Amino acid sequence: MHILVVGTNHKVAPVEVREKVAFAEERLSEAYRHFQAQGIEEVVLLSTCNRTEVYAASTERLSERKLLGGWLSFFGVTPDELEGRYYAYRDQEAARHLFRVACGLDSMMLGETQILGQVKEAFEKAQREGTVGTYLGELFRRALKVGKRARTETAISKGAMSVGGAAVELARRIFADLRSCTVLLVGAGKMGADTTRALVQAGAQSLLVCNRTYQRAEELAKALGGQAAPFDQLPQLLARADIVIASTGAPHYILTRPMVSEAVRRRRYRPLFLIDIAVPRNIDPEVGKLDSVFLFDIDDLEQVVQEYLEERRKEVPKVEALIEHELHNFALWLGERKAKPFIVDLLQHAHQQVDVALQELFDELPQLDERARQVIAAKMRALTMRLLDKPLRRIKQLAHEDGIMEMAIRFFGLDEVAEDLSPKEARGE
């Protein structure tokens, strides 16, 4: 069985190219029928915002040009439009690529967790479409297995990889439970909204939105599940908030030291976490010198992200070791299926030779009763299996390597089996 993957991603093609060949959810069933009509026995389509990949398996060696052409023709795109902007991997390298994808090593954000769910969804969709057989089924199950192991046995997905994620990580260091925290968003900038959303998703249940334009504050509060507040109430709101996100377009400080100092006094010096992601900054840096105040600006948050990224990079060798282990096991599985028809033929031939030898022995010793004959026959068959056990186990281990099966056929004198070997391998018999 031959496996081939062709695809494109954020590393080799810009979004204006990727969007031309991405499979929309509503057209996936049509796409699977398109590939089945081309005679491809097994196919799985993986399409995300950063990648589109076609995984195929067939008893015949798959043509890269044919699979690529089939993919592009579905969208009316010519191969020239994707020239130099796609990749292709075969067999073991195809498996290695999928395992890396599932583990998050091939993602734009190293170690991201969403891709594992996307691989799982693509696999399940292909199963529902009836395009997954023995080989891609085994490949994808192993990819999901190693993807889970990477995230549970290493720290490849630990830590924040966005400004919002960094804000959540820092907030958890300051507050024991985010559910008891009140978040105040000052301004209506996109990054501020994204950071606030991350905190809400992390558990913060009370949200206030304050903006110079009250209507905009209402719109944003509704979108985030919070409550709008007038901008002129900012000093009072500071005393209520535990986490403050400043994200306005103001060219000057809107949170000054005296204002925050008064808020801290009214809060009886409970911790106050201030996040300034505006440029120019919205919070006077002197505020960070106040007791019970934790002030971080955009550079601080980016530094947190970089620190976590560096930690994730240190985990890459551990993940790659898991991948190589699973690749080895997958190769052994393939080898066993490849060796199976040869083993069946060899054992059949061996049993035939045992039967001939037993008949010759019984003809020479007619005085043996039935019980003795059964014992001798059982011992000879057991001896045959014992002699063949280690060689057959070794063949299973090496069968995935090129030329091993052909050599084994000649070595055991079963050359007549060679003509039948390829179709049996293909059927996995």
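Quick notes on the rules
Residues numbered from 1 in each chain as written. Predicted model: local features only at pLDDT ≥ 70, side-chain atom pairs only at ≥ 80, totals over all residues. Heavy atoms only, no water. Disulfide = S-S within 2.5 Å. Buried < 20%, exposed > 50% of the residue type's maximum accessible area, 1.4 Å probe, protein only. Pairing = 2+ DSSP bridges. Helix = DSSP H or I, 4+ residues; strand = E, 2+ residues; numbered from the N terminus. Axes fitted to C-alpha atoms, helices over the stretch in contact; angles between N-to-C directions. Contact = heavy atoms within 4.5 Å. 1 Å grid on protein atoms, 1.4 Å probe; cavity = no way out; pocket = protein on both sides within 12 Å on 5 of 7 lines; lining within 4 Å. Points joined across faces, edges and corners; volume = space filled by probe spheres on them. Phe/Tyr/Trp six-rings, centres within 6.5 Å; stacked < 30°, edge-to-face > 60°. Parallel < 35°, antiparallel > 145°, perpendicular 65-115°, else oblique. Left-handed = near helix turned anticlockwise from the far one by under 90°. Nonpolar A, V, L, I, M, F, W, Y, C, P; charged D, E, K, R; others polar. Core = buried A, V, L, I, M, F, W, Y, C linked by side-chain atoms within 4.5 Å. Salt bridge = Lys/Arg side-chain N within 4 Å of Asp/Glu carboxyl O.

Quick look at the state of the cysteines now. This model, assessed by the stated rule, comprises zero disulfides. Looking at Cys 49, it has no disulfide partner, and the nearest cysteine sulfur is the one in Cys 103, 19 Å off. On the basis of relative accessibility, which here comes to 0%, the residue Cys 103 falls in the buried class.

A sheet is described by the order of its strands in space; here four strands give the open sequence β2-β3-β1-β4, paired in antiparallel fashion. Each edge of the open sheet is held by one strand with a lone partner, namely β2 (42–47) and β4 (87–90). Pairwise comparison of adjacent strand axes, ignoring direction, gives a mean angle of 15 degrees for this sheet. With six bridges joining them, β2 and strand β3 (residues 51–58) adopt antiparallel strand pairing. Within β3, the residue paired with Leu 46 across the bridge is Glu 53. Those strands touched by helix α4 (residues 91–103) are β1 (2–9), β2, β3 and β4, and its axis lies near 115 degrees from that of β4. Set on the sheet, helix α5 (residues 114–129) makes contact with β2 and β3; between it and β2 the angle comes to about 145 degrees.

Inspection of the secondary structure assignment puts Glu 138 in helix α6 (residues 134–153). Each residue touching Glu 138, except ones within four places of it in the same chain, is listed here: Phe 330 and Trp 333.

What the second largest pocket holds in volume is close to 510 Å³. As for the second largest pocket, its lining consists of 25 residues, and the residues nearest its centre are Met 109, Glu 112, Thr 113, Gln 114 and Met 161. Secondary-structure elements contributing two or more residues to the lining of the second largest pocket are α5 and α7 (163–174). A total of five residues in the lining of the second largest pocket trace back to one element, the largest contributor, which is α7.

Bringing the packing of aromatic side chains into the picture now. Here the structure, examined in full by the defined rule, presents ten aromatic pairs. Between Phe 23 and Phe 74 the ring centres are 5.8 Å apart and the planes differ by 45 degrees, which places this aromatic pair in the tilted class. Of this pair, Phe 23 sits in the loop between α1 (15–18) and α2 (28–37) while Phe 74 sits in the loop between α3 (64–73) and β4, and the two are 51 residues apart along the sequence. A relative accessible area of 7% places Phe 23 in the buried class. Taken together, the aromatic side chains of Phe 23, Phe 35, Phe 74 and Phe 75 make up a single cluster linked through ring pairs.

Running from N to C, α5 and α6 point in directions that differ by 160 degrees, and their axes come no closer than 10 Å. What the angle tells us is that α5 and α6 run roughly antiparallel. Here the hand of the crossing between α5 and α6 comes out left-handed. Note on element contacts: α6 touches α5 through Leu 136, Gly 137, Phe 140, Arg 141, Leu 144, Gly 147, Lys 148 and Arg 151, opposite Ile 115, Leu 116, Val 119, Lys 120, Phe 123 and Gln 127.

At a minimum axis separation of 11 Å, α2 and α5 run at an interaxial angle of 65 degrees. When the axes of α2 and α5 are compared, the crossing they make is right-handed. Residues Leu 28, Ser 29, Tyr 32 and Gln 36 of α2 touch α5, and the partners they reach there are Ala 122, Lys 125, Ala 126 and Glu 129. In terms of residue class, the contact of α2 with α5 is made up of four nonpolar, two polar and two charged.

Glancing now at the nonpolar core. Phe 23, Phe 35, Leu 45, Val 54 and Trp 71 are the most contacted members of the largest nonpolar core, which has 62 residues in total. Judged by nonpolar contacts, the second largest core, of 33 residues, contains Ala 171, Leu 178, Val 183 and Ala 193.

What follows is about the pattern of salt bridges. Any two side chains of opposite charge can pair, given that their charged atoms come close. What the rule picks out here adds up to 28 salt bridges. When the shortest N-O distance is used, the salt bridge between Glu 81 and Lys 20 registers 3.5 Å. With Glu 81 in the loop between α3 and β4 and Lys 20 in the loop between α1 and α2, the pair connects residues that are 61 residues apart, well separated along the chain. A salt bridge links Asp 389 to Arg 393; its shortest N-O distance comes to 3.0 Å. You can see Asp 389 and its partner Arg 393 sitting in helix α13 (residues 370–398), four residues apart, about one turn around the helix. Judged by relative accessible area, which is 43%, Arg 393 ranks as partly exposed. Linked by salt bridges that have partners in common, Lys 11, Arg 51, Glu 53 and Asp 106 make up one network.

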